[in-house]
Amino acid sequence: MSWRRITLVAALCLALAAPGTAAADDPPPEVEPRAGTRAPAEVRGLSEPAQAGDPVAAAKAHLADPRYHIDPADLAPLGTVVDGADETVRFAQRHRGVPVFGAHYLVHFRKNGDRREVVGAGGRFLTELTVGTTPAVTRESAATIARTTLIRDRRAKESAKAETGELVVIPRGDGRLAWHVVLTGREPVAGRPLLLDAYVDAHSGQPLFAVDRLRAEGPVTGTGETVHGRSVELNVYQRADGAYELRDRARPMWDGTDGEILTYDAQGGDVNAWLGLGVPADAEPVRSGTPAFGSEHAASGAVDAHWGAGQVYEFYRRLGRDGLDGQGGTMYSVVDVTMEGEPIANAFWDGTKMIYGSGGGDYRPFASGLDVVGHEMTHGVIEHSAGLVYIGQSGAINEGVADYFGNAIQLEAFGIPMTDPHASLLGETLCKTLPPEQCAIRDLDDGRVAGESYLGMSIRADYGGVHYNSTIFSGALWDIREALGGASADRLVYKAVTEYMTPLDDFVDGRRAVESAARALGLPARDRLTVSRAFDRHGIKPGWERALRTDSRVLIDGITDPYAKPDVAGGRYVVSNSSPDVVEPSQILTGRVSGGKPVRLSENDRWNLMPATDGKSAAWVSFDATRQSYRVHTRPLDRSSPERLVHDGSGVIETVAIDGDTIAWDGVGPDDEHSVWVKRGDAPPVDVTAAAGVHGHAPSLKGGRLAYLKVWTEGEASRSAPAVLDLETGAETVVPMPQGSFSAVPTLTGRHLAWIYDENGDGRYGIMRAASDGTGTAVVVPDGPDAPTAYWFDANDTFATIGVWPDGTEVTNDILVKIHQVPLGGGTLQRFSCNRGMQDLFASGDGRTVVWLDGTDGNTDLVTRDRPAKRCRDGA
Ligand SMILES: [Zn+2]
């Protein structure tokens, strides 16, 4: 983002608005524009008188000035922060009364006695919104759509509950009206509860995106034991019946009815009973017969949680904040929750309270790490201030700020100097036996630099790397704390978060927020230079993403559809994509692998996905939530005729295939079974897996044949194997695969059938081929302990291409999925591209060409190469 001086016209406008306030030798105010809106990102260096009295009214009066292009009627006050002479009013934008997602605007005053002047203003206010605010989609449909489409894991989907909340406007283009749906349940794979804020377009029914509300850290599960054995003073409460409970009313936030610190012990109860607003009506705080809370309360982590919450409260009180919400609202903690009967080695902020697992294995109860307590509770502070969205760079700043304060709270409480070798570690005290360096979840002083260390995760991984990229930002904050000292730096970062950052900030916006806070605090020039240099040193400067080099050619810059999946044939590709902010319904795009601008193939306004092509035409799926319908469309790639509807039904469709006038798809049919359908010409579609207990997945079409993955039961055992159906004769060949093996992605290439197989269920896959009629199988790459951990697969007549999770546990770009290729006749797998980030879903084209989604350069792009890389510098 460029920094530019105010224009002459705007300067004149300013002078008219505030006659005679700027002395001739004052530097002129600076205005930084924001793309896509007429409201500036920041106006600073102002010195204009403002109304006395109510700060909200004064701020609205100031923003009524035409230079802001803001209608004050569209501003809802979120809160006023007073920091010495500084007074900041934070507003949320409303569009026709509906909240605008992530749009906050702030006005900064300086007070001198009764006098108040405006010194700056900025944030996000979207001036180009015109979207209507009457929903076409019902709350019930929105709930169904969110549940069925925005949860990736199938088992998580089955268990999830959806509850529709209020309408919001998603700020893209002219705006998207969306329902906010809260999804709760569990994620069996990750072993943690599920709590998502999901958004569904209230006009089209398109599922937009989902944000993880749980701010979770840490790994593994097991059983728990005692905490560190330190004695601490606790603020507790004696009940009328004489018992004592973990209820702290001794803090300034207690107002006689509200403002307590309350700690509950779930006693191994399921986490889902505690998710949501507040605590269950019948829950009672941890109780003891004497004021001494004994070893059982230490073992559960209740003592640590209660004591830690008090430390967090006092830390923020020293920064001028009354509780996590800044309004003295009660702070809740719950310890010893489980999931499906197992202890959780984890902790998270659920939007209103802290929830801690009891650890297990080598882990102590998670409340025993004060930095963990501080980290999670800081998510509460952020939620009530900057509201940083938990995806991509804004999510990484959210994590980085939580780490910064979690760490600072621990250092302050225990008087640990920053020179202590373990000072910069997060969660280093959670382990019973592992040394701090190995136990720690993160190290703020890990020296990461944006251009060099940014993990190129696609949006499918850790929401674009919110945890994995956080120390790039928090590392700069740590350096600032080392240079300026805790007192000064904590105040600075706190001011940046509460008075300058807004929900969709990227790293460079975050840097600007800290620099603006430094200016507002009146830090001397030398300290401000220290701040700027800390960000420079961590590579956070405008244009940093340009330093990320790739060896591929970009076909589409900025793929934002989280369901995007490319296909290629005859030198042309197809892929779905949404708008830069993921709010437009995804459309099908096509272009030449040789280059040039992609063109839009789909003509409808529904949500379009999963395109396939045979090189002449494309087939794809569209989804309409208002009717709960899935459709299959086709259209020639040269757009010589309009989009054609070939199927309209209610069942979910997962993939499609096309070869000439034959189209196949798989999904869940009216019989609730996963089936494969084939439609030839104008004939109605035929379920080729109609037999009871037979399921089909992943159809592939070529030369009058259909291949698919056939799944059936034999006795008690589930079997799977590739099957090839001759569409003319109806003869089917099921490839003989050993019982207990698992096959995937059967692909017809013309001369061959190729697929991947796992004999022992270890997630490592070999590659096999057969003749195109399914006979004469041969191993291309054997399964076994050295076989690749497969992510995705495709093949043509001469080469098999496979996405591989590299081995390794240290989280660097080196362990993100990389594409490899091997001759279908046999040979060794060869690395295809040296791009260091995630090489996501792909399709193989002519010869050795591959087209794939690549996360390397700070966002996800559609890219291509036409031959494998000779040798990558990372040694792979
Ligand atoms: Zn976190």
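The next thing to look at is the sheet that holds strand β29 (residues 629–636). The antiparallel open sheet is built from four strands, whose spatial order is β27-β28-β29-β30. Bordering the open sheet on either side are β27 (607–613) and β30 (644–649), each of which pairs with just one other strand. Strand-to-strand, the axes of this sheet are offset by a mean angle of 20°, without reference to chain direction. Both β29 and β30 contribute to a ladder of five bridges, which runs antiparallel. Considered in β30, the bridge of tyrosine 630 is made with glycine 649.

This paragraph deals with the nonpolar core. Ranked by internal contacts, the top residues of the largest apolar core, which has 75 residues, are Ile480 and Met501. For this core, the leading source of residues is helix α6 (residues 302–318), giving nine residues. Sequence-distant contacts of methionine 501, that is, excluding residues within four places in its chain, are made with Arg90, Leu106, Ala386, Leu388, Ile397, Phe473, Ala496, Gly510, Ala513 and Val514. Judged by nonpolar contacts, the second largest core, of 41 residues, contains Ile151, Ala612, Ile658 and Trp677.

Looking now at the confidence of the model for the chain. A residue-level look at the chain finds 91% of positions with pLDDT of 70 or above and a mean pLDDT of 86. Across the chain, the secondary-structure element scoring lowest on mean pLDDT is helix α1 (residues 8–17), at 27, and the one scoring highest is strand β23 (residues 567–569), at 98. Long-range and interchain partners of residues 1–24, a stretch whose pLDDT sits below 50, account for 32 contacts in this model, where long-range means more than four residues apart. For residues 215–226, every residue scores under 50 in pLDDT, and the model assigns this stretch 50 contacts once sequence neighbours within four places are set aside.

We now examine the side chain of arginine 831. Of note, arginine 831 is situated in strand β46 (residues 830–831). Among the polar contacts made by the side chain of arginine 831, one reaches the main-chain carbonyl oxygen of serine 833 at a distance of 2.8 Å.

A few words on α6. The end-to-end C-alpha distance of α6, which contains 17 residues, comes to 25 Å, matching closely the 24 Å that a straight helix rising 1.5 Å per residue would cover. Burial runs high along α6: 14 of the 17 residues are buried. Directly beyond the C-terminal end of α6, a positive phi value near 95° is found at glycine 320.

Let us now look at the pattern of salt bridges. In total, this model carries 45 salt bridges according to the counting rule given. Here glutamate 48 and arginine 67 are joined by a salt bridge, their closest N and O atoms 2.9 Å apart. Residue glutamate 48 is found in strand β2 (residues 42–49), and its partner arginine 67 is found in the loop between α2 (55–63) and β3 (75–83); the two are separated by 19 residues along the sequence. Each member of the pair, glutamate 48 as well as arginine 67, carries the same accessibility label: buried. In this structure, arginine 317 engages glutamate 314 in a salt bridge whose closest nitrogen and oxygen atoms are separated by 3.2 Å. Of this pair, arginine 317 and glutamate 314 both sit in helix α6, three residues apart, which is roughly one turn of the helix. Within this structure, Glu30, Glu32, Arg34, Glu42, Arg44, Arg124, Asp505, Asp509 and Arg512 form a network of salt bridges that share partners.

Criteria and thresholds
- Residues numbered from 1 in each chain as written.
- Predicted model: local features only at pLDDT ≥ 70, side-chain atom pairs only at ≥ 80, totals over all residues.
- Heavy atoms only, no water.
- Pairing = 2+ DSSP bridges.
- Helix = DSSP H or I, 4+ residues; strand = E, 2+ residues; numbered from the N terminus.
- Axes fitted to C-alpha atoms, helices over the stretch in contact; angles between N-to-C directions.
- Core = buried A, V, L, I, M, F, W, Y, C linked by side-chain atoms within 4.5 Å.
- Buried < 20%, exposed > 50% of the residue type's maximum accessible area, 1.4 Å probe, protein only.
- Contact = heavy atoms within 4.5 Å.
- pLDDT = per-residue confidence, 0-100.
- Polar contact = N/O pair within 3.5 Å; in protein donor to acceptor, adjacent residues only side chain to side chain.
- Expected span 1.5 Å × (residues − 1).
- Salt bridge = Lys/Arg side-chain N within 4 Å of Asp/Glu carboxyl O.

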